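The primary structure of each chain is shown beneath.
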Amino acid sequence: MSCKLDKILLQDLMEGTIDPVERIFVEEHLKTCTGCRRELTELKLLFWDLNNKVNYEIDMPEELDTIKDAVLKEVCEKNPRRTASVLMEQQRKTLKASGKFLEFVPGVKEGGNIIKEGAKAAPSAIGKASIGLLKGAKMLIAK
Amino acid sequence: MEVSDINILKIYKKDKHQGLELIYERYKKYVYSIAFHYAGVKEDALDITQEVFIALFKSLDNFKEEYSLIPWVKKITVNKCLNFIRDKKETISLNQTTEDGDELQGVIPSDENTENKALFKDTKKSLENSIRKLPGDERMAVILRHMKGMKYEDIAKVMKVPIGTVKTFLYRARKTIKADLIMEGIWEV
């Protein structure tokens, strides 16, 4: 007669994850069932072998060092920034380099300063001119 | 001297290259051993190891310094293993026979002559072969539970499945392995 016990309970018993009530039931069952006692013995042997760390010992291949170099190369040498920002920066550098010669042209610096000052003074000059224009227009209308 | 993950991450902030090197040295055995027992072939295990570290290093900038790296390493390793599609390339098996009909493993000289070593080798080899034949999920569950000694809850987290499913994977896997080992006469029961 085949045993009806759910065999997963025997694995739970081995793992210590079995419910206390089920444990009592299984232990009682084992007293009378030779098939399950045999199954439990096999499971004990299986768990012994499965948990034996020696069974998982392996040699570490030398290639692991080669992989380290390859991984570091891939990760460190690749520019992590986005392509757009790299292009923008390159463009800025190009523009800066293309105007570099201006720094060495005589008078450019002074000219630049004059333009700057002129630009600052521009609003007042425009103001004066517009007032003059307004006056002129009024005079023309009066005449 | 053992350097903690926190210290490694601090080093990484200052010197990226050195930090990554330390992480690699710390976890290479861990990752490779899981990959090897999962893939069963050195070349595949090395490929997986490489993929794991590239993925790990590329996402390291987002990692918070106060956490341990190990759960993350486990997650990436399990993920890469389960997603790894084995190439269909021909590999040489030690069980393959030569022209004379001898198995390759018998032809390759070995310094292990004692009977004990041979018996031990048999158990190890049979176990390895049996684990290798399991479906991917079951294989990974066995590796994490029995080789790495992880708890069911942790296995469920890294494999992204419910605990009940982990239990089922393990139950089926153990049943298969037990049947294989009995068939090969590993135990005198």
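Residues numbered from 1 in each chain as written. Chains lettered and ligands numbered in written order. Predicted model: local features only at pLDDT ≥ 70, side-chain atom pairs only at ≥ 80, totals over all residues.

## What to know about the overall build of chain B
Tallying secondary structure elements over chain B gives nine helices and zero strands in all. Traced from its N-terminal end to its C-terminal end, chain B shows the element sequence α-α-α-α-α-α-α-α-α. Sequence separation of 24 or more characterises 56% of the internal contacts of chain B that already satisfy a separation of 6 or more. (Helix = DSSP H or I, 4+ residues; strand = E, 2+ residues; numbered from the N terminus. Contact = placed C-beta atoms within 7 Å.)

## Here we look at the overall build of chain A
Along the backbone of chain A there are six helices and zero strands. Along chain A, helices and strands appear, N-terminal first, in the series α-α-α-α-α-α. Looking at chain A as a whole, 7% of its 143 residues are labelled buried. (Buried ≥ 20, exposed ≤ 12 C-beta atoms within 10 Å, placed from the backbone.)

## Comments concerning the interface of chain B and chain A
Taken together, the contact between chain B and chain A spans 32 residues of the former and 24 residues of the latter. Looking at the side of chain B that touches chain A, the elements that each hand over two or more residues are helix H2 (16-39), helix H3 (42-58), helix H6 (115-133), helix H7 (136-147) and helix H9 (163-183) of chain B. At 11 residues, H2 of chain B tops the list of elements feeding residues into the side of chain B that touches chain A. Its residues placed into classes, the side of chain B that touches chain A shows 16 nonpolar, seven polar and nine charged. (Nonpolar A, V, L, I, M, F, W, Y, C, P; charged D, E, K, R; others polar.)

## What about H9 of chain B?
Residues and elements named next belong to chain B. Its 21 residues give H9 an end-to-end C-alpha distance of 30 Å, which sits within 8% of 30 Å, the value for a rise of 1.5 Å per residue. Val 166, Phe 169, Leu 170, Ala 173, Arg 174, Ile 177, Lys 178 and Leu 181 are the residues of H9 that are buried. Along the axis of H9, the buried positions cluster into a sector of 155°, meaning they face one direction only. Facing away from the buried side of H9 by more than 90 degrees, the exposed set consists of Gly 164, Ala 179 and Met 183. Directly after H9, the chain includes Gly 185, whose backbone phi takes a positive value near 70°. (Expected span 1.5 Å × (residues − 1). Arc of directions from axis to C-beta.)

## Focus: the nonpolar core
All names here are of chain B. Of all hydrophobic cores here, the largest spans 46 residues; its most connected members are Ala 35, Met 140 and Ala 141. At 11 residues, H2 tops the list of elements feeding residues into this core. Setting aside anything within four residues of it in sequence, one finds Ala 141 in contact with Ile 155, Met 159, Val 166, Phe 169, Leu 170 and Ala 173. (Core = buried A, V, L, I, M, F, W, Y, C linked by C-beta atoms within 7 Å.)

## A short note on the packing of helix H1 (residues 5-14) of chain B against H2 of chain B
All names here are of chain B. The N-to-C vectors of H1 and H2 enclose an angle of 150°; their axes lie 5 Å apart at closest approach. Put simply, H1 runs roughly antiparallel to H2. Where H1 abuts H2, its residues Ile 8, Leu 9, Ile 11 and Tyr 12 lie against Lys 16, Gln 18, Gly 19, Leu 20, Leu 22, Ile 23 and Arg 26. Taken together, the residues of the contact of H1 with H2 sort by class into seven nonpolar, two polar and two charged. (Axes fitted to C-alpha atoms, helices over the stretch in contact; angles between N-to-C directions. Parallel < 35°, antiparallel > 145°, perpendicular 65-115°, else oblique.)

## Focus on the confidence of the model for chain B
Residues and elements named next belong to chain B. The predicted model of chain B averages 82 in pLDDT, with 78% of residues at 70 or higher. The low-confidence segment residues 87-100, where pLDDT is below 50, has 10 contacts with residues more than four positions distant or belonging to other chains. Below pLDDT 50 for its whole length, residues 106-113 participates in five contacts with residues either more than four positions away or in separate chains. Scoring the predicted complex yields pTM 0.68 and, for the interface, ipTM 0.75. (pLDDT = per-residue confidence, 0-100.)

## Structural notes on helix H4 (residues 70-83) of chain B
Residue and element names in this part refer to chain B. Counted at 1.5 Å a residue, the expected span for H4 with its 14 residues is 20 Å, and the 20 Å between its end C-alpha atoms agrees. Within the span of H4, buried status applies to Val 73, Lys 74, Thr 77, Val 78, Lys 80 and Cys 81. Seen along its axis, H4 keeps its buried residues to an arc of 165°; they face one direction. Set apart from the buried face of H4 by more than 90 degrees, the exposed residues are Pro 71 and Asn 83. Looking at the buried positions of H4, the neighbouring elements they touch are H2, H3, H7 and helix H8 (152-159).

## Structural notes on the confidence of the model for chain A
Parts of the model with low pLDDT should not have their predicted coordinates read in detail. Of the residues in chain A, 90% have a pLDDT of 70 or more, and the chain-wide mean is 83. Per-residue pLDDT, averaged within each element of chain A, yields its smallest value for helix H6 (residues 108-142) of chain A (74) and its largest for helix H2 (residues 20-32) of chain A (95).

## Brief notes about the environment of Phe 25 of chain A
With respect to the secondary-structure elements, Phe 25 of chain A resides in helix H2. Residues Phe 25 of chain A and Leu 5 of chain A lie 20 residues apart in sequence; the distance between their C-alpha atoms is 10.0 Å.

## Some details on the environment of Thr 34 of chain A
Residues and elements named next belong to chain A. Relative to the assigned elements, Thr 34 resides in helix H3 (residues 34-51). Take Thr 34: there are 9 C-beta atoms within 10 Å of it, and that puts it in the exposed class. Sequence-wise, Thr 34 and Cys 3 are 31 residues apart; in three dimensions their C-alpha atoms are separated by 9.5 Å.

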